[in-house]
Amino acid sequence: MEIDLTPKSSKSVYGGEGGSYFSWSPSDYGYPTQRGMQLPYLVILFTGDTSKGHKAGEFTEFALTGANGILTGFTSEFVGRAWDLEEDKVKELVGSQKSTGVIEVKDEKGMTFNCLEARLDVNIKNGGHVVVLNTKNLPSVEQVGLGADLVRINAGSMCSPGFSCDSAYPVTYIVQVRGRAQIFGLDGKPKMEIRVKAGNLLIIPGFLVVSKIADEEGTDWFSSIISIPNPIFCHLAGRTSDSKALNPQVLVASFNVAPEAEKHFRSKRTNTEIFFLAPNKEE
């Protein structure tokens, strides 16, 4: 069955003073899935296994507090006895939060990991940079079985063709501005060339090769790596690519070219990796 890889926009679920909440449904992709995606503020991306949810493929909301919280369904007597609270304290506890789902937090220290201020794991001058979230800087990702990264490609730059070599499913949210992407399958045939814009969600099945080129304003995206907290990606071009490690004779035979052509191929991208500047900006 063909999988619809075109980027999708989210649908509003609810909102309030604290922000808005958006969601992608499996039906948007035209095939059944056990993963759900939700996004409040268009900044934070939630992913997880939703196969056992109240509605398979979608997150099951379980709010303890707020206008639709679990506690609001119980009488004061039950809440008071369960938590050993006086009646006036029950009313304060249950009735103070008027917002639903997304609330405004006054003090967020210790509750967030700021990718914009974190140490860069990859930083290519004028090309782009990457911040990786894994078990080293966020140990809790191992417990939920997810990894993630925040990527910035500068104006006109290209991200090397690459793929997840450990069957991980990158779920990519385009944070801002626009770009282009090409996706190729295991059979070497192009799956599609697409344009992505802020607010799009893009799912790339494991082992499919993808490359992205940013528009003139650059492109930012956040990828949540499904099921693997420390994913491994293979890049097919650049200094760290697999081709640089292969024996010249292997490449000559594989491409069926003359040794001179292989030498020319090997001489390129010896000092650059992952992100490549636009041709008119390369030194």
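Residues numbered from 1 in each chain as written. Predicted model: local features only at pLDDT ≥ 70, side-chain atom pairs only at ≥ 80, totals over all residues. Heavy atoms only, no water.

S.K.: It is not clear to me how the pattern of salt bridges should be interpreted in this structure. Could you clarify?
M.R.: Any two side chains of opposite charge can pair, on the condition that their charged atoms come close. Applying the stated rule across the entire model yields seven salt bridges. With a shortest N-O distance of 3.4 Å, Asp121 and Arg119 are connected by a salt bridge. For Arg266, the salt bridge goes to Glu262, with nearest N and O atoms at 2.7 Å. Of this pair, Arg266 and Glu262 are both found in helix α6 (residues 259-267), four residues apart, which corresponds to roughly one turn of the helix. For Arg266, a relative accessible area of 21% corresponds to the partly exposed category. (Salt bridge = Lys/Arg side-chain N within 4 Å of Asp/Glu carboxyl O. Helix = DSSP H or I, 4+ residues; strand = E, 2+ residues; numbered from the N terminus. Buried < 20%, exposed > 50% of the residue type's maximum accessible area, 1.4 Å probe, protein only.)

S.K.: I keep staring at a negative patch on the surface and nothing clicks. Help me out?
M.R.: The grouping of Asp84, Glu86, Asp88 and Glu92 at the surface amounts to a negative patch. Here Glu92 shows up in helix α2 (residues 87-95). Looking at Glu92, the relative accessible area reads 48%, which means it is partly exposed. (Patch = residues over 30% accessible without salt bridge, like charges linked within 9 Å, V, L, I, M, F, W, Y side chains within 5 Å. Areas by Shrake-Rupley, 256 points an atom, 1.4 Å probe, with all protein chains shown as cover. Lys, Arg positive; Asp, Glu negative; His and termini not counted. Charge placed at Lys NZ, Arg CZ, Asp CG, Glu CD.)

S.K.: Help me out: how do you make sense of the environment of Ser243 in this one?
M.R.: Tracing the backbone shows Ser243 in helix α4 (residues 242-245). Relative accessible area serves as the criterion here: at 14%, Ser243 is assigned to the buried category. Residues Ser243 and Phe265, spaced 22 residues apart in sequence, show a C-alpha to C-alpha distance of 9.6 Å. Residues in contact with Ser243, not counting those within four places in the same chain, are Leu236, Leu251, Phe265 and Arg266. Side-chain polar atoms of Ser243 contact the side chain of Ser241, separated by 3.0 Å. (Contact = heavy atoms within 4.5 Å. Polar contact = N/O pair within 3.5 Å; in protein donor to acceptor, adjacent residues only side chain to side chain.)

S.K.: Is there a simple way to think about the environment of Leu186 in this case?
M.R.: Inspection of the secondary structure puts Leu186 in the loop between β11 (178-184) and β12 (190-197). Between the C-alpha atoms of Leu186 and Leu208, which are 22 residues apart in sequence, the distance is 6.3 Å. Dropping the residues within four chain positions of it, Leu186 is found in contact with Phe207 and Leu208.

S.K.: In this structure, what is going on with the packing of helix α5 (residues 248-255) against α6? I would like to understand it.
M.R.: The relative placement of two packed helices comes down to the angle between their axes together with the axis-to-axis distance. It is the contact of α5 with α6, at a shortest axis distance of 9 Å, that shows an interaxial angle of 115°. By the criterion of interaxial angle, the relationship of α5 to α6 is roughly perpendicular. Classified by chirality, the crossing of α6 by α5 is right-handed. Of α6, the residues touching α5 (which contributes Pro248, Leu251, Val252 and Phe255) are Pro259, Glu262, Phe265 and Arg266. Of the residues assigned to the contact of α5 with α6, the class counts are six nonpolar, no polar and two charged. (Axes fitted to C-alpha atoms, helices over the stretch in contact; angles between N-to-C directions. Parallel < 35°, antiparallel > 145°, perpendicular 65-115°, else oblique. Left-handed = near helix turned anticlockwise from the far one by under 90°. Nonpolar A, V, L, I, M, F, W, Y, C, P; charged D, E, K, R; others polar.)

S.K.: Mind showing me how you'd approach the nonpolar core here?
M.R.: The nonpolar side chains of soluble globular proteins are, as a tendency, buried together. Formed by 19 residues in total, the largest nonpolar core has its most connected members in Val122, Val151, Ile153, Ile183, Ile194, Trp221 and Phe275. Secondary-structure elements contributing two or more residues to this core are β6 (122-124), β8 (147-153), β11, β12 and β14 (209-214). The residues touching Trp221, leaving out its near neighbours within four places in the chain, are Asp149, Leu150, Val151, Ile153, Cys159, Thr172, Tyr173, Ile174, Val175 and Lys212. If you look at the next biggest cluster of nonpolar residues, it comprises seven residues, including Cys115, Ala118, Leu133 and Ala148. (Core = buried A, V, L, I, M, F, W, Y, C linked by side-chain atoms within 4.5 Å.)

S.K.: Help me understand α5, please; the structure alone is not making it clear to me.
M.R.: Three or four residues apart is the spacing at which side chains of an α-helix point the same way, because the helix has 3.6 residues per turn. With a side-chain oxygen lying 2.8 Å from the backbone nitrogen of Gln249, the N-terminal cap of α5 falls on Asn247. One or two residues past the end of α5 sits Asn256, with phi positive at roughly 60°.

S.K.: Just checking my understanding: could you explain the confidence of the model for the chain for this structure?
M.R.: Close inspection of predicted coordinates is inappropriate for parts of the model with low pLDDT. Per-chain confidence: the chain averages 78 in pLDDT, with 80% of residues scoring 70 or above. Mean pLDDT in the chain bottoms out at strand β4 (residues 35-40), which sits at 43, and peaks at α6, which reaches 92. Contacts for the low-pLDDT stretch residues 31-41, under 50 throughout, to residues beyond four places or in other chains number 56 contacts. (pLDDT = per-residue confidence, 0-100.)

S.K.: Teacher, can you tell me more about the pairing of β11 here?
M.R.: Regular strands have side chains that alternate between both faces of the sheet. Side-chain alternation along β11 places Gly179, Ala181 and Ile183 on a buried face and Arg178, Arg180, Gln182 and Phe184 on a face that remains uncovered. In terms of strand pairing, β11 meets β12 through seven bridges, oriented antiparallel. Looking across to β12, one finds that Ala181 is bridged to Ile194. The antiparallel pairing of β11 with β12 creates a hairpin that spans five residues between the two strands, and Gly188 there sits at a positive phi of about 80°. With six bridges connecting them, β11 and β14 associate as antiparallel partners. (Pairing = 2+ DSSP bridges.)

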